[in-house]
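Topology and contacts: notes
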Amino acid sequence: MNGCLLHPSFPKAMLQRLKTWMLPIAMLTGAFFNEVVYHWAFLTPYLIFAMLFITYCRLSLHDLHFSRMHGWLLLAQVVGCILVYGVLVWFDPVVAQGCLICVLAPTATAAAVVTGMLGGNVACLAAYTLIGSFGVALVSPLIFTLLGGNAGLTFWESVWLICRQVVPVLVLPCLLAFGLERWVPVLYRRLGRLQMVSFYLWSFSLMIVTGKTVYFIARQEGADRAEEWWMASLALVICIAQFALGNRIGRHYGDAVSGGQGLGQKNTILAIWMAQTYLNPLSSIVPAAYVLWQNLINSYQLWRKQRRQVIS
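Here's a quick rundown of the structure. Bear in mind the structure is a predicted one, so any value in this text is a computation, not a measurement. (Residues numbered from 1 in each chain as written. Predicted model: local features only at pLDDT ≥ 70, side-chain atom pairs only at ≥ 80, totals over all residues. Heavy atoms only, no water.)

Brief notes about a nonpolar patch on the surface
The following threshold applies: Exposure above 30% relative accessible area and the lack of any salt bridge qualify a residue for a patch; like charges then connect within 9 Å, and the nonpolar side chains Val, Leu, Ile, Met, Phe, Trp and Tyr within 5 Å. The Shrake-Rupley method, run with a 1.4 Å probe, gives the accessible areas here. Residue values count only the displayed protein chains as cover. Within this document, salt bridges are pairs made up of a side-chain nitrogen of Lys or Arg and a carboxyl oxygen of Asp or Glu, the two lying within 4 Å of each other. Accessibility here uses a 1.4 Å probe with only protein chains present; expressed as a share of the type maximum, an area under 20% marks a residue as buried, one over 50% as exposed, and anything in between as partly exposed.
A cluster of nonpolar residues, L28, F32, F33, V36, W40 and F204, forms a patch on the protein surface that exposes about 630 Å² of accessible area. On the basis of relative accessibility, which here comes to 45%, the residue V36 falls in the partly exposed class.

Concerning the packing of helix α4 (residues 44-56) against helix α15 (residues 268-278)
How we decide: Comment: axis = line fitted to C-alpha atoms, over the contacting stretch for helices; angle = value between 0 and 180 degrees taken between N-to-C directions. Only runs of H or I of at least four residues qualify as helices and only runs of E of at least two qualify as strands under DSSP, and these elements are numbered from the N terminus. Should an angle fall under 35 degrees it is called roughly parallel, over 145 degrees roughly antiparallel, and 65 to 115 degrees roughly perpendicular, with every other angle called oblique. By definition, any crossing whose near helix is turned counterclockwise from its far helix by less than a right angle is left-handed, and any crossing with a clockwise turn is right-handed. In this description, contact between two residues means that some pair of their heavy atoms is separated by no more than 4.5 Å. Only Asp, Glu, Lys and Arg are considered charged, only Ala, Val, Leu, Ile, Met, Phe, Trp, Tyr, Cys and Pro nonpolar, and every remaining residue, Gly among them, polar.
The geometry of α4 relative to α15 is characterised by a closest axis approach of 11 Å and an angle of 155° between their N-to-C directions. It follows that α4 is roughly antiparallel to α15 by the angle criterion. Considering the relative orientation of α4 and α15, their crossing is left-handed. When α4 is examined against α15, the residues T44, P45, I48 and M51 are found in contact with a partner set consisting of I269, L270 and W273. In terms of residue class, the contact of α4 with α15 is built from 6 nonpolar, 1 polar and no charged.

Quick word on the layout of surface pockets
Definition in use: Here a cavity denotes a set of grid points, spaced 1 Å apart and computed over the protein atoms alone, in which a 1.4 Å probe fits but from which it cannot get out, and a pocket denotes an open set meeting protein on both sides within 12 Å along at least five of seven lines; residues with an atom within 4 Å of a point are reported as lining. Grid points are joined across faces, edges and corners, and a volume is the space filled by probe spheres set on the points.
Volume-wise, the largest pocket comes out at about 1500 Å³. As for the largest pocket, its lining consists of 41 residues, and the residues nearest its centre are L23, P24, W202, V291 and N295. Per-element tally for the lining of the largest pocket: the top contributor is helix α16 (residues 285-311), with 11 residues. Residue classes in the lining of the largest pocket are distributed as 25 nonpolar, 12 polar and 4 charged. Reported here for the second largest pocket is a volume of approximately 360 Å³. Along its surface, the second largest pocket is lined by 16 residues, and L118, N247, V257, Q301 and R304 are the ones closest to its centre. Every element with two or more residues in the lining of the second largest pocket is listed here: α13 (225-252), α14 (256-264) and α16. The leading source of residues in the lining of the second largest pocket is α16, at 6 residues. A breakdown of the residues in the lining of the second largest pocket according to their chemical character gives 8 nonpolar, 4 polar and 4 charged.

Section: the packing of aromatic side chains
Stated precisely, the cut-off is as follows: Stacked, tilted and edge-to-face are the three classes assigned to paired rings of Phe, Tyr and Trp, where Trp is represented by its six-membered ring and a pair needs centres within 6.5 Å; plane angles under 30 degrees give stacked, over 60 edge-to-face, the rest tilted.
Following the criterion strictly, the structure yields 5 aromatic pairs and no others. Their ring planes at 80° and their centres at 6.0 Å tell us that W273 and Y278 sit as a pair that is edge-to-face. Taken as a pair, W273 and Y278 share a single burial class, namely buried. Aromatic rings pair up to connect F144, W273 and Y278 into one cluster.

This is the structure:
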């Protein structure tokens, strides 16, 4: 037993096992201790900033190449969220808002890892992660203002208010990272090796947004459980549809994996934060459910790839 504990591979194996279970543990912790975690919600935008900054420090501006595929993916993302909202708003405005944010949300920073494991083009996916974040930073203030805006403010005052909150979170990490690459390359390379820190920040953020969502649902008077299950079901439909559409667009350009991951795997931490901040907080149930569905789809894709490798 002691020999096993002293084996050189033991710490690495334990860390890998911890990483495997970190996300569900984070979600369960947030759910059970929601009354405490709820008060940490103000940290979310700072955590998102830190995650994006560390992730961008792994990329190099010289390795990023933009293609027509990126343009089609971004078009599907922006137009798709408007179409989804336009169809569902007639049935339930809150459900429509949640589904909109699941389509509008940019690609997850962890998508590049899954893309590499599935044999896709990591550089292509990284480029779309960047352009998608910039695209969402530009259009989300307009969309959120049109959906409700802020009482007592004009349209453009509301747009400017949301811009001041969204743009720094999504754009400044990229500019800061590439600035370090240009002027402080030593620090840039050191930060680029801290990707595990980004994963722990992601887990901590997931715990906070899950806790805030559960806190809101638990204290909602006259909660409609049927509506909440309806939201979770629609999240599954939208998740499958986005992976399928992205896969089809990517296949046309010879990279189905990157296309599917780029459109299907979302930055759900950001999506939940946006829903809770700018839309009806109850709409955050949809992106919260999306977390589960996209991880199940990615797990199935990885299992299928490994199975094919064993057979061949």
